[in-house]
Amino acid sequence: MKGLMQDGPLVLTHFLDRAEKLFPQKTIVTATATGIETETYGEWAERTRRLAGVLDDLGISADGRVATFAWNSARHLELYFAAPCSGRVLHTLNIRLFPEQITYIVNHAEDEVIFVDKSLLGLLWPLVDTFTTVRHIVVMDDGRGELPADSGGWLLHDYEDLLAAASPVEFNVTDENQAAAMCYTSGTTGNPKGVVYSHRSTWLHTLAAMSADSLGACERDIIMPVVPMFHANAWGLAHIGVATGATLVMPGPDLSPKALANLIETQRVTVAAGVPTIWMGVLGELDGRDTSSLRAIPCGGSAVPKHLSEGYRMKIGLPIQQAWGMTETSPLASGGQMKSAFDSLTEDERADYRATIGLPSIGVDCRIVDQVTGEQVPWDGETRGELQTAGPWIAREYYNDDRSPESFTADGWLKTGDVATVDAEGYMRIVDRTKDVVKSGGEWISSVELENEIMAHPAVAEAAVIGLKHPKWGERPMACVVLRPGESLTSAELLEWLDGRVAKWWLPDEVVFIDEVPKTSVGKFSKRELRERFADHVLPTA
Ligand code: ADP
């Protein structure tokens, strides 16, 4: 017997219509180089329809790829909806990829037009002649940057001019499985891989991410996605803003701790989301500020050290809320909600749970699999295996990429490349990425756990642990440590600090002090760069 309910496509147009009808006076606030700009959802929806008219005027194909090279802004949000709601595919370009990777993804996705913030034109312009399918460049004047003196035969369109001349389009997407957007992984190994989201997957991800046990987002929220709109859909926050009618605060180009703390305070932000390196910086800026509006600080992308989360709890009474995901998982796939049974735990025990990646989100299945036997590991909080995941907003293959077969299991689950454990309550803990784990004498040392213990030392600002070749053990850990300004610490003092906090055989064979841990294009510690830098380094032998 079939259910007797109506069917309707899960398409993004619904979110736009809803914001326009129900919350036309709510706002999207953008911090630009020249000040704060405010657009209402009513204005936004009208501009988004006209922007679709611009795509028609430019002759972009029915399912053409519309690329963006932009900061978080109201205009970027217009593109987020104009492209998919008119049947095209939004392609958010990561502005921090290496130039050759940008060329690769633009050509691989076959982008037809790139919308670029004027302040970023200097980065993009040297590459335009390497693009094989791009026919138009549209410049969004965000108050900084120059147009090139010689446009080299390109007609550089101005966003606002095009918009003023265009007519609005009535949206009519009916196939929920149609592609809505694509995003490439940040490509820590090899070329970036393309993930293609559908209207349906984005719709379902938005609802799950809004739910109370996830971000619990609602109309009264004031949401600041510090995570870039080019990084895994700004973790769903841009769509959530529109779907709920929440105020969005777009931080624009200035992601300095001071600028972010100012926005939290002056815009009365309730939810602010970013990677750990962002929150490491902002913490020191919060003294004496009014942060009483904040109710959640979602954080992920790399491990959230317990001491960082606790640092926020001590300073502003609000610990960080950890989430886990990947570009391939839209990205939210698990989060650190606290079960009600934990109310009786001590604050320290609860902090330990916050250092996990929590439970799978509703709609997502996770399993942790022994890489040798292929069996699921026991829920004992100790046995490690590869985290695999499945669900309606998890990729099933990469876009035109022969690396797909090795990334998915025979039964269709995504192999995440993350090593994890799961405890009796179902809480998962990321031990490491497969390629970062230090394999010492056949046993694994978690670089993440070592880093977290090192960064808990008050004199340490940042730490990254890498495995270096060792004649006896195969690999041994080396710690690359950045001290806080004005602090001093010796290698022996650090090893003494670690003694008792980690197993003796985990203690790094060497500690080197460096000026800064190199970061990836999305602000994570770049261990690949460190491994390259220390490739020929010989560890001291005892
Ligand atoms: P890339 O894979 O190119 O770094 P993603 O942003 O898609 O780009 O990164 C996904 C990866 O980030 C995950 O596979 C995982 O290794 C890491 N990650 C994400 N969230 C967490 C978290 N809360 N704790 C530890 N690692 C995380």
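What you are looking at is a predicted structure, and each value in this text was computed from that prediction instead of being measured.

Turning to the domain arrangement of the protein chain, a few remarks are in order. One frequently used descriptor of interface size is the decrease in accessible area upon assembly of the parts. The domains assigned to the protein chain are domain 1 (19-255), domain 2 (340-433) and domain 3 (438-533). Between the C-alpha centres of domain 1 and domain 2 the distance comes to 30 Å. The interface of domain 1 with domain 2 comprises 22 residues on the first partner and eleven residues on the second. Here domain 1 packs against domain 2, burying approximately 1200 Å² in sum over the two surfaces, 60% of which is carbon and sulfur. Together, H108, K193 and A208 form the three largest contributors to the area buried by domain 1 at its contact with domain 2, with a combined 37%.

If you roll a probe as big as a water molecule over the atoms, it shows you where there is empty space left. Across all of its chains, the model carries four cavities of 30 Å³ or more by this definition. Its volume calculated, the largest cavity comes out at about 80 Å³. If you trace the largest cavity, you find 13 residues lining it, with A181, Y197, T202, N233 and H239 closest to the centre. Considering every element that reaches the lining of the largest cavity, the biggest residue donor is helix α7 (residues 199-210), with three residues. When the residues that make up the lining of the largest cavity are grouped by side-chain class, the tally is seven nonpolar, six polar and no charged.

It is worth spelling out the nonpolar core at this point. For soluble globular proteins, nonpolar side chains are generally found buried alongside one another. Membership of the largest hydrophobic core comes to 110 residues, with the highest contact counts inside it found for L77, F81, F115 and W279. In terms of residues, this core owes the most to one element, helix α3 (residues 74-85), which gives eight residues. No fewer than three residues from each of domain 1 (19-255) and domain 2 (340-433) sit in this core. Beyond its immediate chain neighbours, meaning those up to four positions away, F81 contacts L12, F15, L16, W44, T48, S86, H239 and V242. V460, A479, C480 and L494 belong to the second-largest nonpolar core, a separate cluster that totals 31 residues.

Conventions we followed
Residues numbered from 1 in each chain as written. Predicted model: local features only at pLDDT ≥ 70, side-chain atom pairs only at ≥ 80, totals over all residues. Heavy atoms only, no water. Domains from an automatic or database assignment. Contact = heavy atoms within 4.5 Å. Buried area = accessible area lost by both parts, 1.4 Å probe. 1 Å grid on protein atoms, 1.4 Å probe; cavity = no way out; pocket = protein on both sides within 12 Å on 5 of 7 lines; lining within 4 Å. Points joined across faces, edges and corners; volume = space filled by probe spheres on them. Helix = DSSP H or I, 4+ residues; strand = E, 2+ residues; numbered from the N terminus. Nonpolar A, V, L, I, M, F, W, Y, C, P; charged D, E, K, R; others polar. Core = buried A, V, L, I, M, F, W, Y, C linked by side-chain atoms within 4.5 Å. Buried < 20%, exposed > 50% of the residue type's maximum accessible area, 1.4 Å probe, protein only.

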